Amino acid sequence: MVMHRRHLANVLKVPLRSSLIRQIERIHRQAESAGSFVDEIEASKILIRKNFRFAKDADRALALGRFEDARKVFGKLASEG
């Protein structure tokens, strides 16, 4: 959902310059996108646990660890918006 400028100005109760509005909209879109990545990463982790076979448990842990690292990065981006 992209916030419309008029709605954003009403929420913040201040007149906004167009450059500030563009910056806020960009941050909002970035947070939404990052949140979508977090959802996809979680779904991928479930898929790995259920359907993938690994030669060693350590290999599975490594794969899941990398997905978890990515989830943390995108989670931080999502919470900044």
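For the structure, see preceding data.
Residues numbered from 1 in each chain as written. Predicted model: local features only at pLDDT ≥ 70, side-chain atom pairs only at ≥ 80, totals over all residues. Heavy atoms only, no water.

**Brief notes about the overall build of the chain**
Inference 1: Looking only at helices and strands, the chain features 3 helices and 0 strands.
Inference 2: Listing every helix and strand of the chain by position from the N terminus yields α-α-α.
Inference 3: Taken over 81 residues, the chain has a buried fraction of 15%.
Inference 4: Considering only intrachain contacts with a sequence separation of at least 6, the fraction spanning at least 24 residues in the chain is 54%. (Helix = DSSP H or I, 4+ residues; strand = E, 2+ residues; numbered from the N terminus. Buried < 20%, exposed > 50% of the residue type's maximum accessible area, 1.4 Å probe, protein only. Contact = heavy atoms within 4.5 Å.)

**So, the side chain of K45**
Inference 1: Turning to its location among the elements, K45 is positioned in helix α2 (residues 18-51).
Inference 2: Residue classification places K45 among the buried residues on the basis of a relative accessible area of 7%.
Inference 3: Residues in contact with K45, not counting those within four places in the same chain, are L64, F67, E68 and R71.

**Looking at the packing of aromatic side chains**
What characterises a pair of aromatic rings is the spacing of the ring centres plus the angle enclosed by the ring planes.
Inference 1: Tallied over the full model, the rule gives 1 aromatic pair.
Inference 2: Taking the centre distance of 4.8 Å and the plane angle of 25° together, the rings of F37 and F74 count as stacked. Residue F37 is found in helix α2, and its partner F74 is found in helix α3 (residues 57-80); the two are separated by 37 residues along the sequence.
Inference 3: The exposure class of F37 is partly exposed, given its relative accessible area of 46%.
Inference 4: On the basis of relative accessibility, which here comes to 25%, the residue F74 falls in the partly exposed class. (Phe/Tyr/Trp six-rings, centres within 6.5 Å; stacked < 30°, edge-to-face > 60°.)

**Structural notes on the pattern of salt bridges**
Inference 1: With the rule as written, the count across this model stands at 5 salt bridges.
Inference 2: When the shortest N-O distance is used, the salt bridge between E68 and K45 registers 2.4 Å. Linking E68 in helix α3 with K45 in helix α2, this pair joins segments that are 23 residues apart in sequence.
Inference 3: One salt bridge connects R60 with D57, and the closest N-O pair in it is separated by 3.5 Å. Taken together, the positions of R60 and D57, both in helix α3 and 3 residues apart, correspond to about one turn of that helix.
Inference 4: For R60, a relative accessible area of 23% puts it in the partly exposed group. (Salt bridge = Lys/Arg side-chain N within 4 Å of Asp/Glu carboxyl O.)

**Some thoughts on the environment of G65**
Inference 1: If you trace the backbone, G65 turns up in helix α3.
Inference 2: Sequence separation between G65 and K45 is 20 residues, and the spatial gap between their C-alpha atoms is 9.5 Å.

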